[in-house]
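Listed below are the residues making up each chain.
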Amino acid sequence: MIQLLAFYLFAIVVCVSGAFTILSRNPVHSVLWLILAFFNAAGLMLLVGAEFIAMLLVIVYVGAVAVLFLFVVMMLDIDFAELRAGVARYAAVGLLLALGLVAEIIVAVGAWSERAVDMSRLIAPVPGDKSNIEALGALLYTRYLYVFEGAGLVLLVAMIGAIVLTYRKRGDVKPQNVGRQVSRRSKDAVRKVDAPVGQGVQL
């Protein structure tokens, strides 16, 4: 019973927070709604026994959203004085959301500890002598190794493409000439001076 209640709770909150992520006019509020959606999606993953994916959602995705919040949203033209002025007005709503999130975490932990999943009915049943992470790693690095490496190459190409598309040459910055630095000889860069005592060194 608690598993069914937790499922509907997390599913409804994920749908609502996802809708508010899209419909919110303030980008800061959109990011906060997205973080709430990730936390509730992690709760859904806990219910089905995918603890590793749940931790990935919390650590990787919420961390990436935090980086997005710092480096992208903060660069937008947002009147943060107006946002800070409304903090006291929405303090009760924020406290209510925080208490709701704590209650969801308690429900998720209780449902995860009391779940009774029939492993034979799952699409990919996990052997009883292996943990979820061990089974996922063994499958990922054996059967789907080439697909995993291909996904890494696609991400690498996407990263290089983003750098090439956004790179702009600036006239006010002195560029680095790597070939000239490598071909430079030590005798062209170092001068040995036999300075007399007490007279210092002439530059």
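Above this text sits the structure in question.
All values reported here derive from a predicted model rather than from experimental measurement. (Residues numbered from 1 in each chain as written. Predicted model: local features only at pLDDT ≥ 70, side-chain atom pairs only at ≥ 80, totals over all residues. Heavy atoms only, no water.)

This brings us to the overall build of the protein chain. Per the secondary structure count, the protein chain includes nine helices and zero strands. For the protein chain, the α and β elements follow one another from N to C terminus as α-α-α-α-α-α-α-α-α. Across the 203 residues that make up the protein chain, the buried fraction comes to 18%. Taking all contacts inside the protein chain whose residues are at least 6 apart in sequence as the whole, residues at least 24 apart take part in 65%. With an accessible surface of roughly 16300 Å², the protein chain has 69% of that area assigned to carbon and sulfur atoms. (Helix = DSSP H or I, 4+ residues; strand = E, 2+ residues; numbered from the N terminus. Buried < 20%, exposed > 50% of the residue type's maximum accessible area, 1.4 Å probe, protein only. Contact = heavy atoms within 4.5 Å. Areas by Shrake-Rupley, 256 points an atom, 1.4 Å probe, with all protein chains shown as cover.)

Moving on: the packing of aromatic side chains. Applying the stated criterion to the full structure yields four aromatic pairs. For the ring pair F38 and Y61, a centre distance of 5.3 Å and an interplane angle of 45° mean the geometry is tilted. Of this pair, F38 sits in helix α2 (residues 27-47) while Y61 sits in helix α3 (residues 51-71), and the two are 23 residues apart along the sequence. Given the relative accessible area of 17%, F38 is considered buried. Y61 gets classed as partly exposed once you look at its relative accessible area, which sits at 44%. Here Y141 and F148 contribute two aromatic rings whose centre-to-centre distance is 5.3 Å and whose plane-to-plane angle is 70°, an arrangement assigned as edge-to-face. Residue classification places Y141 among the partly exposed positions, given a relative accessible area of 47%. (Phe/Tyr/Trp six-rings, centres within 6.5 Å; stacked < 30°, edge-to-face > 60°.)

What follows concerns the side chain of S30. Note on placement: S30 falls in helix α2. For S30, a relative accessible area of 13% gives the class buried. A polar contact is formed between the side chain of S30 and the backbone oxygen of T21, at a distance of 3.2 Å. (Polar contact = N/O pair within 3.5 Å; in protein donor to acceptor, adjacent residues only side chain to side chain.)

A separate point is a nonpolar patch on the surface. Together, F52, I53, M55, L56, I59, V60, Y61, I133 and L136 make up an exposed nonpolar region whose accessible area comes to about 780 Å². Take the nonpolar patch: its biggest share by element is seven residues, from α3. Relative to the helices and strands, I133 resides in helix α6 (residues 132-140). (Patch = residues over 30% accessible without salt bridge, like charges linked within 9 Å, V, L, I, M, F, W, Y side chains within 5 Å. Salt bridge = Lys/Arg side-chain N within 4 Å of Asp/Glu carboxyl O.)

Contact pair helix α1 (residues 2-23) / α2: the axes reach a minimum separation of 8 Å and the direction vectors enclose 155°. In terms of orientation, α1 lies roughly antiparallel with respect to α2. Crossing handedness for the pair α1 and α2: left-handed. Residues Q3, A6, F7, F10, A11, V13, V14, S17, G18, F20 and T21 of α1 form the contact with α2, whose own contacting residues are S30, W33, L34, L36, A37, N40, A41, G43, L44 and L47. Of the residues assigned to the contact of α1 with α2, the class counts are 14 nonpolar, seven polar and no charged. (Axes fitted to C-alpha atoms, helices over the stretch in contact; angles between N-to-C directions. Parallel < 35°, antiparallel > 145°, perpendicular 65-115°, else oblique. Left-handed = near helix turned anticlockwise from the far one by under 90°. Nonpolar A, V, L, I, M, F, W, Y, C, P; charged D, E, K, R; others polar.)

Our next topic: the side chain of S24. Relative to the assigned elements, S24 resides in the loop between α1 and α2. Discounting residues that sit within four places of it in the chain, S24 has contacts with H29 and S30.

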